[in-house]
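One letter stands for each residue in the lines below.
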Amino acid sequence: MSLREAASNLVGWVDYRLPIVKTWKTHMSEYYAPKNFNFWYFFGVLALVVFANQVLSGIWLTMFYVPTAEEAFKSIEYIMRDVSSGWAIRYMHEVGASFFFIVIYLHIFRGLLYGSYQRPRELIWIFGMFIYCLMMVEGFLGYVLPYGNMSYWGAKVILNLVGAIPIIGEGLQIWVQGDFVVGSATLGRFFALHVALVPLILIVGIFLHIVALHQVGSNNPEGIDIKAHVDADGNPLDGIPFHPYYTISDLTPVVIFLILFFACVFYFPGGGGYFIEPPNYLPADKLSTPEHIAPVWYFTPFYAMLRSVTIDSFGLDAKVWGLIIVSGAMLVLFFLPWLDRSAVLSMRYKGWPSKIMLMLFAVSFVFLGVLGAKPADWAPAWVAPALTTIYFAYFLAMPVYTKLEKTKPVPGRIGAKSG
Ligand code: HEM
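What counts, and at which threshold
Residues numbered from 1 in each chain as written. Predicted model: local features only at pLDDT ≥ 70, side-chain atom pairs only at ≥ 80, totals over all residues. Heavy atoms only, no water. Near = heavy atom within 4 Å. Polar contact = N/O pair within 3.5 Å; in protein donor to acceptor, adjacent residues only side chain to side chain. Helix = DSSP H or I, 4+ residues; strand = E, 2+ residues; numbered from the N terminus. Nonpolar A, V, L, I, M, F, W, Y, C, P; charged D, E, K, R; others polar. Buried < 20%, exposed > 50% of the residue type's maximum accessible area, 1.4 Å probe, protein only. Donors = N, O, S within 2.8 Å, 3.2 Å for Na, K, Ca; no water. Tetrahedral: all angles 85-135°; square planar, octahedral: opposite > 155°, others 65-115°. Core = buried A, V, L, I, M, F, W, Y, C linked by side-chain atoms within 4.5 Å. Domains from an automatic or database assignment. Contact = heavy atoms within 4.5 Å. Axes fitted to C-alpha atoms, helices over the stretch in contact; angles between N-to-C directions. Parallel < 35°, antiparallel > 145°, perpendicular 65-115°, else oblique. Left-handed = near helix turned anticlockwise from the far one by under 90°. Expected span 1.5 Å × (residues − 1).

Caption draft 1: Representation of the site of the ligand within the structure. As a structural note, the neighbourhood of the ligand is formed by 22 residues, with Y41, H107, S116, H209 and N219 the closest of them. Residue H107 places a side-chain N or O atom 2.7 Å away from a nitrogen atom belonging to the ligand. Within the side chain of R110, one N or O atom sits 3.0 Å away from an oxygen atom of the ligand. Secondary structure elements with two or more residues in the shell around the ligand: helix 3 (43-62), helix 5 (86-114), helix 6 (122-144) and helix 9 (184-216). Top contributing element to the shell around the ligand by residue count: helix 6, with six residues. Counted by class, the shell around the ligand contains 14 nonpolar, seven polar and one charged residues.

Caption draft 2: Seen up close, unusual backbone geometry. Here the residue pair R119 and P120 is connected by a cis peptide bond, since its omega of 5 degrees sits within 30 degrees of zero. Tracing the sequence through the fold places P120 in the loop between helix 5 and helix 6. Note that the residue after H243, namely P244, is joined by a cis bond; omega there is 10 degrees. Along the chain, P244 falls in helix 10 (residues 242-249). Positive phi, close to 55 degrees, is recorded for Y147, a residue that is not glycine. Taking the relative accessible area as the measure of exposure, Y147 reaches 5% and is therefore buried. With a phi angle near 50 degrees, F314 is a residue other than glycine that sits in the positive phi range.

Caption draft 3: Up close: the coordination of the iron atom of the ligand. Taken together, the protein donors to the iron atom of the ligand comprise H107 (NE2) and H209 (NE2), at separations of 2.0 to 2.1 Å. For the iron atom of the ligand, the six donor atoms in the first shell make angles of 84 to 179 degrees at the metal, a pattern classed as octahedral. Of this pair, H107 sits in helix 5 while H209 is found in helix 9, placing the two residues 102 residues apart along the sequence. With relative accessibility at 16%, the residue H107 sits in the buried group.

Caption draft 4: A look at the nonpolar core. Core analysis: the biggest nonpolar cluster contains 96 residues, and Y132, F302, Y391, Y394 and F395 have the highest contact counts within it. Looking at which element gives the most residues to this core, the answer is helix 5, with 13 residues. Two domains each put at least three residues into this core: domain 1 (29-272) and domain 2 (294-411). Residue contacts for Y391: discarding those within four places in its chain leaves F302, M305, A329, V332, L333, F361, S364 and F365.

Caption draft 5: Structural view of the packing of helix 13 (residues 318-334) against helix 16 (residues 383-396). Where helix 13 meets helix 16, the closest approach of the two axes is 10 Å, and the angle between their N-to-C directions is 30 degrees. Considering their axes alone, helix 13 and helix 16 lie roughly parallel with respect to each other. Between helix 13 and helix 16 the crossing geometry is left-handed. Side by side, helix 13 and helix 16 meet where I325, G328, A329, V332 and L333 of the first sit next to T388, Y391, F392, F395 and L396 of the second. Taken together, the residues of the contact of helix 13 with helix 16 sort by class into eight nonpolar, two polar and no charged.

Caption draft 6: Inspection of helix 13 at higher detail. Spanning 17 residues, helix 13 covers 25 Å between terminal C-alpha atoms, matching the ideal 24 Å at 1.5 Å per step. Check the buried side of helix 13 and you find it contacts helix 6, helix 12 (300-308), helix 14 (336-339) and helix 16. Between the side-chain oxygen at the start of helix 13 and the backbone nitrogen of K319 there is a gap of 3.1 Å, and the oxygen is on D317.

As structure tokens, this is what we get:
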């Protein structure tokens, strides 16, 4: 028996018991993806690449990190100075966290641009939003672990916010902290959640996200349903097999991404104070509050919303109102598939109101991010509430402007002229 026959027999033996060939065909070589994917479609695969980087570099960090108030900061110093290539692994994980959010924000923006959340892709969107929320939790937990001074005070701000919830807040804060103060008990549970529970749920979430995507098929920049026109074998005429076409073409963005990523890891690991904030180079100190407490950049839009309420009203503390607004800002994203009443998916065929609202939304989100990174008195007090209002208007007015606006006719086939 030749080696080739032996290999083929082995594949046949396994495949009879475990459908690897069938799975490969269904999800890769016979999965038809629209032939007009563009730049915006790179970020899904890049998200997978960064996620893999986070898991692998994280496992290595876990080998040396010690989750106690006395040892946490020292163990990170040990990784940076004494563990062979430890600094590279730590920077891969830390720069990776910021890159993960850059990639995901662009991935989400693509969804908004091409209406990828609309029917029949609602579940892909909902799983995506769960992933996004979990990523925020994961980012927060991870940021506390090095137990630098910003870790400590950042954790205090967020945990005090939990404590501000009426009735259950105080008990909940102590339960989450594991103690009356932020300390070893907090680090222990944050570590367990950060390295085990949240990544496990994330893996399940990503799996369901992709399964749901492959069930209904990918959208595309034109928002055209490629399954509407098929050849004699039932394959979409405007589709191409994901493998080898996209597996090969995705290599270019992956390589460019890795070049940018490692350039940051080697030459710009602190990200100008945005990937690691300067106070985090100092150990946690209960007696010394950083001059200006701000979360990492990917939380700052929501932090600005949190701070946008400064007056207690209706018997509730301003802090609680802030919390309600931030929860609302996250929650409203889940309902997007039902808020958009447009007959077309892609922004290319939507009307001016949709285009303007999306631009305003994106600008308000970025500016909220800038505000959240600066001290509270950096801009006049009305700016953050105004930007928060635009953020919500994009969603809450959507049923109206998407219903009333004039849309362009969508071509039946990819490459055909509109109308
Ligand atoms: C770990 C995080 C994530 C990973 C690994 C991931 C991965 C992917 C991949 C590989 C695709 C197919 C390729 C592509 O269309 O770009 C995809 C599609 C999609 N993702 Fe994600 N994703 C993640 C998070 C999110 C989030 C947070 C959202 C937003 C809520 C989201 C919404 C979508 C949508 C709507 C599609 C379908 C796009 C289309 O067909 O046009 N994803 N995702």
